[in-house]
Structure formats: C-alpha cells, structure tokens
Amino acid sequence: LKGGAEKAFAVATHGIFSEGAGERLGDSVLERVVVMDTIPPDHVDGRAVESWLEVVDCAPLLAGAIRALHAGESTVGFSDVIEPQ
C-alpha cells in the first residue's frame, strides 16, 4: 500500500453502495469495510458481504447516547459499545 501502510479499512455510517460496488470493493486494497446497520447494505451479494463487509449494530450506541443525554452525562467513549454482528 502507498505510504507503507500494511492494511487499509473503510468505515461509513450507512451501507449505501452503488451498482457494482461489491465487485469493486472486493477487488480493492481494502481489507474490511465497516458500516452500521441503519439500513441493509445495498448492491452487494452474500459472498462479498462475508469476505469484506462488516455490519455493526447501532442500537447499543443509540441507547447509550440517549441514556447519557437524559442523565446529563458525557457521550465520550461510546465506540466501545459497538460490536460486529
């Protein structure tokens, strides 16, 4: 990879992919693409999803944020509650 990186990852809030994205991303230098489960990933087949796409559940993050805001607490560090599905 350019600049000496050993691995490359991409992270997005929503899994909105254009037509052919599964093939292009599967053939790219990216090791993983991580998206939240806000909507089902579009334009990717099951094989592609298993090989490079990781979908994480956003419910614990949203629940923690609502709980903290309601209690007047900080929302810093919520990335710790996100786990792969």
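Procedures and definitions
Every residue gets a number counted from 1 within its own chain, in the order that chain's sequence is written. In keeping with the model being predicted, local features are shown solely for residues with a pLDDT of at least 70 and side-chain atom pairs are shown and tallied solely at 80 or more, while totals for entire chains, interfaces and linings include all residues. Side-chain measures were taken over the full set of non-hydrogen atoms in the model, leaving aside hydrogen atoms and water. Only runs of H or I of at least four residues qualify as helices and only runs of E of at least two qualify as strands under DSSP, and these elements are numbered from the N terminus. The salt bridge criterion pairs a side-chain nitrogen of Lys or Arg with a carboxyl oxygen of Asp or Glu, the two atoms within 4 Å. Per-residue accessibility, obtained with a 1.4 Å probe over protein chains only, is compared with the maximum for each type, and a residue is labelled buried under 20%, exposed over 50%, and partly exposed between these values. Expected span of a helix, by definition, is 1.5 Å for each gap between consecutive residues, and there is one gap fewer than residues. Throughout, the arc means that of the directions going from the helix axis to the C-beta atoms. The pairing criterion for strands is at least two bridges between them, as found by DSSP. Lines are fitted to the C-alpha atoms to define the axes, a helix being fitted only along its stretch in contact, and any angle between axes, read from their N-to-C directions, falls within 0 to 180 degrees.

Q: I keep staring at the environment of Gly22 and nothing clicks. Help me out?
A: Within the secondary structure, Gly22 is located in helix H1 (residues 21-26). A sequence separation of 20 residues divides Gly22 from Asp42, and the C-alpha atoms of the two residues are 9.1 Å apart.

Q: I'm lost on the pattern of salt bridges in this one. Help?
A: As a working rule, side chains carrying opposite charge can pair if their charged atoms are close by. Tallying each qualifying case throughout the model produces 2 salt bridges. Residue Lys7 pairs with Glu31 through a salt bridge whose shortest N-O separation is 3.9 Å. Here Glu31 lies in the loop between H1 and strand E2 (32-36) and Lys7 lies in the segment before strand E1 (9-12), a separation of 24 residues in the sequence. Owing to a relative accessible area of 36%, Glu31 belongs among the partly exposed residues under this scheme. For Glu54, the salt bridge identified is with Arg32, shortest N-O distance 3.4 Å. Taken together, the residues Glu54 in strand E3 (residues 53-56) and Arg32 in strand E2 connect sequence positions 22 residues apart. On the basis of relative accessible area, Arg32 is assigned to the partly exposed category, the value being 22%.

Q: Can you walk me through helix H3 (residues 59-71) in this structure?
A: Since there are 3.6 residues in each turn of an α-helix, residues three or four apart along the chain are aligned in direction. Between the first and last C-alpha of H3 there are 18 Å, a value that for 13 residues agrees with the 18 Å anticipated at 1.5 Å per step. If you check which residues of H3 are buried, you get Gly64, Ala65 and Ala68. Viewed along the axis of H3, the buried residues span an arc of 100°, placing them on a single side of the element. Those residues of H3 that are exposed and aimed more than 90 degrees away from the buried face are Ile66, Arg67 and His70. Looking one or two places after H3, you find Gly72, whose phi comes out positive at around 75°.

Q: Help me out: how do you make sense of the sheet that holds E1 in this one?
A: Strand pairing within a sheet occurs via backbone hydrogen bonds; the two strands may be parallel or antiparallel. Taken together, the 3 strands give an open sheet; going across it, the order is E1-E2-E3, and neighbouring strands pair in parallel fashion. The sheet is open, and its two edges are formed by E1 and E3, each paired on a single side. The average undirected angle you get between the axes of adjacent strands in this sheet is 20°. Bridging between E2 and E3 involves 4 bridges; their strand directions are parallel. Among the inter-strand pairings, Val33 is bridged to a residue of E3, identified as Leu53.

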